[in-house]
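Tertiary structure, described
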Amino acid sequence: MARPPDPAAVFRQVAAAAKYAGLDEGFVHRIAAEASARFRDQNAAVKYAKRKLHQAVGAFETGSPGNAVRACIAAIESGVPVRDACRAAMCAHASTAERAAVLDPFYRQIETWCGRPSTVADLACGLSPLAIPWLAMGPDATYWCCDVDRDLTAALPGLGEPLGVIVQTEARDLIAPGRLPPAELVLLLKTVTTLELQRSGAARELLAGLDATQVVASLPRNSLSARRRYADDPVETIRKATAGTGYVVADQADLDGEALFLLERADR
Ligand SMILES: C[S@@+](CC[C@H](N)C(=O)[O-])C[C@H]1O[C@@H](n2cnc3c(N)ncnc32)[C@H](O)[C@@H]1O
């Protein structure tokens with residue numbers, strides 16, 4: 001007989017899987033609660049929660065991103081050139097790896113738009129902090145970043161010393177309530193769709209709550225599996241995500257399969 005789902009039990013079952021044990025607990029509790037509310041059967045809720053976690057996190061991780069960061073730091077300390085070490089380490093995260101061939105034009109475009117910000121917030125960062133050597137920043141800059149992967153966010157501050165930037169991190173669910181730190185530049189790379197798949201309207205809510213002068217948002221042109229084009233019209237996706245937030249699209253560019261948008265506050 002079907003057993004009605006208990007959110008705490010769904011959480012325990014999902015968190016017991018090695019690949020999800022390192023995720024932010026609040027994030028996994030939210031997914032477990034949403035899955036429990038959706039199904040009448042515990043097994044169906046667990047299955048759904050695992051699918052959502054795969055879609056949100058597991059699908060992008062081609063290795064351990066935390067280990068990749070630690071290996072990158074060790075490689076730099078052993079004399080490997082900084083950019084070579086960073087580029088090599090990016091392959092543990094599919095989204096970041098897809099950008100590895102276009103790092104120069106990608107971050108040159110951001111510099112053209114945003115100059116040299118002193119405070120950057122990288123939301124749902126994955127391994128994109130490994131691109132710090134390509135990102136123009138002011139002196140004594142602070143790079144704040146967050147993701148739901150706790151092992152990754154624990155490893156990232158170690159990049160600060162070899163890269164000469166203050167790197168601050170937080171394990172954090174961007175759909176949970178709470179303010180983000182103010183920043184001159186917010187990076188929201190390939191994350192609008194990830195959040196919208198978790199909760200419709202989440203990207204718009206996030207943007208509405210930001211305290212940032214400029215936001216660079218990007219959308220992948222194709223899904224990872226290439227089965228479905230989920231950003232058939234990136235312009236329309238961004239229009240929906242910015243509607244009523246105070247941000248408008250100031251410019252856009254295309255970088256090898258990634259649609260890049262500069263968002264600025266309409267009232268500044
Ligand atoms: C498509 S990847 C983008 C990674 C990175 N921004 C980049 O472009 O290289 C999406 C990232 O969002 C993170 N993520 C998924 N859901 C999240 C949430 N609710 N809050 C914070 N991060 C989340 C995943 O762990 C993953 O690293």
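Above: the structure in question.
One structure accompanies this document, and this report is about it. Bear in mind the structure is a predicted one, so any value in this text is a computation, not a measurement. (Residues numbered from 1 in each chain as written. Predicted model: local features only at pLDDT ≥ 70, side-chain atom pairs only at ≥ 80, totals over all residues. Heavy atoms only, no water.)

1. A look at the sheet that holds strand β7 (residues 258-265)
Spelled out, the test is: Strands were regarded as paired on the criterion that DSSP finds at least two bridges between them. Secondary structure elements follow DSSP: runs of H or I no shorter than four residues count as helices, runs of E no shorter than two count as strands, and numbering proceeds from the N terminus. Axes here refer to lines fitted to C-alpha atoms; in helices the fit is confined to the stretch in contact. Angles between the N-to-C directions go from 0 to 180 degrees. Whether two residues are in contact is decided by their heavy atoms, any of which lying within 4.5 Å being enough.
In spatial order, the strands read β3-β2-β1-β4-β5-β7-β6; together these seven strands make up an open sheet with mixed pairing. A single partner strand is all that each edge strand has here, and the edge strands are β3 (166-171) and β6 (247-255). Across the sheet, the axes of successive neighbouring strands diverge by a mean angle of 20 degrees, strand direction being ignored. Sheet contacts for helix α7 (residues 103-114): β4 (183-189), β5 (212-220), β6 and β7; angle to β7, the most-contacted strand, approximately 15 degrees. Each of β5, β6 and β7 is contacted by helix α12 (residues 234-242), which is oriented at about 30 degrees to β7, the strand it contacts most.

2. Things to note about the pattern of salt bridges
How we decide: Salt bridges are defined by distance alone: a side-chain nitrogen of Lys or Arg within 4 Å of a carboxyl oxygen of Asp or Glu. Whether a residue is buried, partly exposed or exposed follows from its accessible area with a 1.4 Å probe, protein chains only, as a fraction of its type maximum: under 20%, in between, or over 50%, in that order.
Counted by the stated rule, this structure contains 11 salt bridges. Salt-bridge contacts for R116 lead to E111; the nearest nitrogen and oxygen are separated by 3.3 Å. Judged by its relative accessible area of 52%, R116 falls in the exposed class. Note on E111: relative accessible area 34%, which makes it partly exposed. For the salt bridge of E258 with K190, the shortest nitrogen-to-oxygen distance reads 4.0 Å. Of the two residues, E258 is situated in strand β7 and K190 in the loop between β4 and α10 (192-198); the sequence distance between them amounts to 68 residues.

3. What to know about the packing of helix α4 (residues 65-77) against helix α5 (residues 82-89)
Packed helices, taken two at a time, are described by the angle their axes make and the gap between the axes. We apply this condition: An angle below 35 degrees is read as roughly parallel, one above 145 as roughly antiparallel, one from 65 to 115 as roughly perpendicular, and any other as oblique. Left-handed is the label given to a crossing in which the near helix is rotated counterclockwise from the far helix by less than a right angle, and right-handed is the label when the rotation is clockwise.
Interaxial distance between α4 and α5 falls to 9 Å at its minimum, and their mutual angle equals 160 degrees. With respect to each other, α4 and α5 are oriented roughly antiparallel. Along this stretch, α4 crosses α5, giving a crossing that reads as right-handed. Across the interface between the two elements, A68, C72, A75 and I76 of α4 pack against V82, A85, C86 and A89 of α5.

4. Overview of the packing of aromatic side chains
Which entries qualify depends on this criterion: Side-chain rings of Phe, Tyr and Trp (the six-membered ring for Trp) are treated as a pair once their centres are within 6.5 Å; stacked means planes under 30 degrees apart, edge-to-face means over 60, and tilted covers the remaining angles. Any Lys NZ or Arg CZ that is within 6 Å of a ring centre and within 35 degrees of that ring's normal is treated as a charge sitting over the ring.
The full count for this structure, using the stated rule, is two aromatic pairs. Seen from the ring of Y247, R265 lies directly overhead, with NZ or CZ sitting 4.5 Å from the centre.

5. Brief notes about the side chain of T153
Condition: Any pair of N or O atoms that falls within 3.5 Å is considered a polar contact. Within protein, one atom must be able to donate a hydrogen and the other to accept it, and sequence-neighbouring residues count only if both atoms are side-chain atoms.
Within the secondary structure, T153 sits in helix α8 (residues 150-155). Looking at T153, its side chain comes within polar contact range of the main-chain oxygen of R150, at 3.2 Å. For T153, the residues in contact, after removing those within four places along its chain, are C146, D147, T169, E170 and A171.

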